[in-house]
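# Analysis of the macromolecular model
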Amino acid sequence: MNEDLRNVVLGVLATGVSASLGWLARTYLWRRKLRRKQAFFGLTGGSECLLVVNRKAGSERAVHNVDVSALLELSALIKDCGARPEIVQHDMARQGLGDRAEFCVGGPYSNRRMAAHLSSLLPGLTMNVESEPVADRGMFTIVDGEVYRGVPGEAEFVVLARLTGGEGGLPVFLFCGQSAISNQAAARHLARHHEKLARKYGSGPFVLLLKVVNSDAYGPDVVELVADVTRAARTVPAPEPAGT
């Protein structure tokens with residue numbers, strides 16, 4: 001073998017080794033990223049999770065079309081993790097927490113399971129379900145006294161939470177908004193920022209209050225973080241003094 005041919009062969013071998021090492025490195029990084037994503041969402045390849053849906057106002061079974069969009073965004077996340085969603089109506093999801101990861105969409109006025117989650121998992125946060133007065137519909141109240149009223153189409157608030165409960169320890173994600181568009185905004189925010197949230201909170205709980213800005217013009221895309229209310233929302237309110 002002459003010198004030129006040997007150089008060609010060595011060059012081909014070096015290129016092949018470099019390509020193989022690059023492929024192995026990319027595969028390793030991709031798998032590590034996937035494992036982190038699966039751990040954050042409580043999903044593994046082939047596992048099942050719950051997608052709990054609310055009902056459209058004035059309907060017994062129909063889901064608001066904007067909430068359907070939120071479900072589609074969450075379904076894409078679930079599929080990326082290699083898991084399968086089971087879509088369940090809110091009044092048919094009669095099972096405990098922790099055995100399967102859960103994604104619960106809708107406010108307590110249209111989603112009974114959300115109402116149960118707020119009561120048991122977030123005792124320091126309440127959402128007004130009364131229709132009157134109109135200005136107070138969907139109002140969030142935090143145990144520390146903060147109140148958040150929304151203005152439809154201009155400024156709407158939504159709670160995005162990751163919580164755990166039950167013996168299985170798998171998370172439940174809450175998307176509890178003052179409107180269907182705010183539910184979708186929270187789902188999209190999670191899809192876009194789950195890596196950042198995982199770095200900050202790991203596998204621990206978080207409760208974020210978000211504001212959807214001018215949804216009439218921007219839809220669910222412009223979202224601001226108002227506050228991290230994790231501690232306050234999970235704090236049991238002090239009992240009122242006797243006689244009040």
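Analysis parameters
- One numbering rule holds for all chains: residues counted from 1, following each sequence as written.
- Owing to the predicted nature of the model, reporting of local features is limited to residues with pLDDT of at least 70; listing and counting of side-chain atom pairs is limited to 80 or more, with chain, interface and lining totals taken over all residues.
- Side-chain numbers come from the whole structure's heavy atoms, not from hydrogens or water.
- Secondary structure follows DSSP: runs of H or I at least 4 residues long count as helices, runs of E at least 2 residues long count as strands, and numbering of each begins at the N terminus.
- To sort residues, take the accessible area from a 1.4 Å probe on protein chains only and compare it with the maximum for the residue type: under 20% means buried, over 50% means exposed, and anything in between is partly exposed.
- It only takes one pair of heavy atoms within 4.5 Å for two residues to be counted as in contact.
- Only the protein chains shown count as cover for residues, and the accessible areas themselves come from Shrake-Rupley with a 1.4 Å probe.
- Two strands form a pair only when DSSP identifies at least two bridges running between them.
- What pLDDT conveys is the predictor's confidence in a given residue, as a value from 0 to 100.
- In the analysis that follows, any N or O atom pair within 3.5 Å is treated as a polar contact, provided that within protein one partner can donate a hydrogen and the other can accept it, and provided that, for residues neighboring in sequence, both atoms belong to side chains.
- Take the buried residues of types Ala, Val, Leu, Ile, Met, Phe, Trp, Tyr and Cys, join any two whose side-chain atoms come within 4.5 Å, and each joined set is a nonpolar core.
- Only the six-membered ring of Trp is used, alongside the rings of Phe and Tyr, when aromatic pairs are assigned; centres must lie within 6.5 Å, and planes under 30 degrees apart are stacked while those over 60 apart are edge-to-face, with the rest tilted.
- Criterion for a charge above a ring: Arg CZ or Lys NZ at most 6 Å from the ring centre, at most 35 degrees from the ring normal.
- The length a helix should cover is 1.5 Å for every residue beyond the first.
- Each axis is a line fitted through C-alpha atoms, and for a helix only the stretch in contact is used; angles between axes span 0 to 180 degrees, taken between their N-to-C directions.

Summing up its helical and strand segments, the protein has six helices and ten strands in all. Scored against the burial criterion, the 244 residues of the protein give a buried share of 43%. Restricting the contact set of the protein to residue pairs at least 6 apart, pairs at least 24 apart contribute 65%. Entry remark: accessible area of the protein is about 13300 Å², with carbon and sulfur atoms responsible for 55%.

Across the sheet, which stays open at both edges, the three strands sit in the order E4-E5-E6 with antiparallel pairing between neighbours. The open sheet has two edge strands with one neighbour each: strand E4 (125-127) and strand E6 (147-148).

The buried fraction of strand E8 (residues 171-177) is high, at seven of seven residues. Side chains of E8 alternate between two faces, with Pro171, Phe173, Phe175 and Gly177 and Val172, Leu174 and Cys176 buried alike. Where strand E3 (residues 102-105) lies against E8, four bridges are found, and the strand directions are parallel. Across the sheet, the residue bridging to Phe103 is Phe173, located in E8. In this structure, strand E7 (residues 155-164) lies alongside E8, joined through seven bridges in antiparallel fashion. Residue pairing across strands places Leu163 opposite Val172, the latter belonging to E8. Adjacent in sequence and paired antiparallel, E7 and E8 are bridged by six residues, among which Gly166 carries a positive phi angle near 80°.

Turning our attention to the confidence of the model for the protein. Per-residue pLDDT for the protein has a mean of 84; in total, 81% of the residues score no lower than 70. Mean pLDDT values over the elements of the protein span from 67, in helix H1 (residues 3-41), up to 97, in strand E9 (residues 206-213).

Before going further, it helps to spend a moment on the side chain of Ser182. Its location among the elements puts Ser182 in helix H4 (residues 180-201). A relative accessible area of 0% places Ser182 in the buried class. In this structure the side chain of Ser182 is engaged in a polar contact, spanning 2.6 Å, whose partner is the backbone oxygen of Ser179. In this view, Ser182 contacts Glu156, Phe157, Val158, Gly177 and Val212; residues no more than four positions away in its chain are not counted.

Membership of the largest hydrophobic core comes to 30 residues, with the highest contact counts inside it found for Phe41, Leu43, Leu74, Phe103, Phe175 and Leu190. If you list the elements that add at least two residues to this core, you get H1, strand E1 (48-53), helix H2 (65-80), E3, E7, E8, H4 and E9. Counting residues per element, this core draws most heavily on H4, which supplies six residues. With residues near it in sequence (within four places) discarded, Leu74 still touches Leu51, Phe103, Val105, Phe175, Ala187 and Leu190. Residues Val52, Phe157, Cys176 and Leu209 belong to the second largest nonpolar core, which totals 26 residues.

As enumerated under the stated definition, the model contains eight aromatic pairs in all. Where Phe40 meets Phe206, the ring centres are 6.3 Å apart and the plane angle is 10°; that geometry is what we call stacked. You can see Phe40 sitting in helix H1 and its partner Phe206 sitting in strand E9, a full 166 residues away along the chain. Judged by its relative accessible area of 2%, Phe40 is buried. Residue class for Phe206 comes out buried when judged on its relative accessible area of 0%. An aromatic cluster of three or more residues is present, and its members are Phe40, Phe41, Phe103, Phe173, Tyr201 and Phe206. The ring of Phe40 carries the charged tip of Arg162 above its face, separated from the ring centre by 5.4 Å.

In this model H2 runs 23 Å from its N-terminal to its C-terminal C-alpha over 16 residues, within 8% of the 22 Å that 1.5 Å per residue would give. Two residues or fewer past H2, Gly82 is found with a positive phi of approximately 80°.

Moving on: the sheet that holds E1. Through backbone hydrogen bonds, the strands of a sheet pair up, either in parallel or in antiparallel fashion. With mixed pairing, seven strands are arranged side by side in an open sheet as E2-E1-E3-E8-E7-E9-E10. Here the strands that pair on one side only, and so sit at the sheet edges, are strand E2 (84-89) and strand E10 (223-228). Adjacent strand axes in the sheet meet at a mean angle of 20° when their direction is disregarded. Here H2 sits on the sheet and contacts E1, E2, E3 and E8; the angle it forms with E1, its principal contact strand, is near 170°. H4 rests against E3, E7, E8, E9 and E10 of the sheet, and its axis sits at about 45° to E7.

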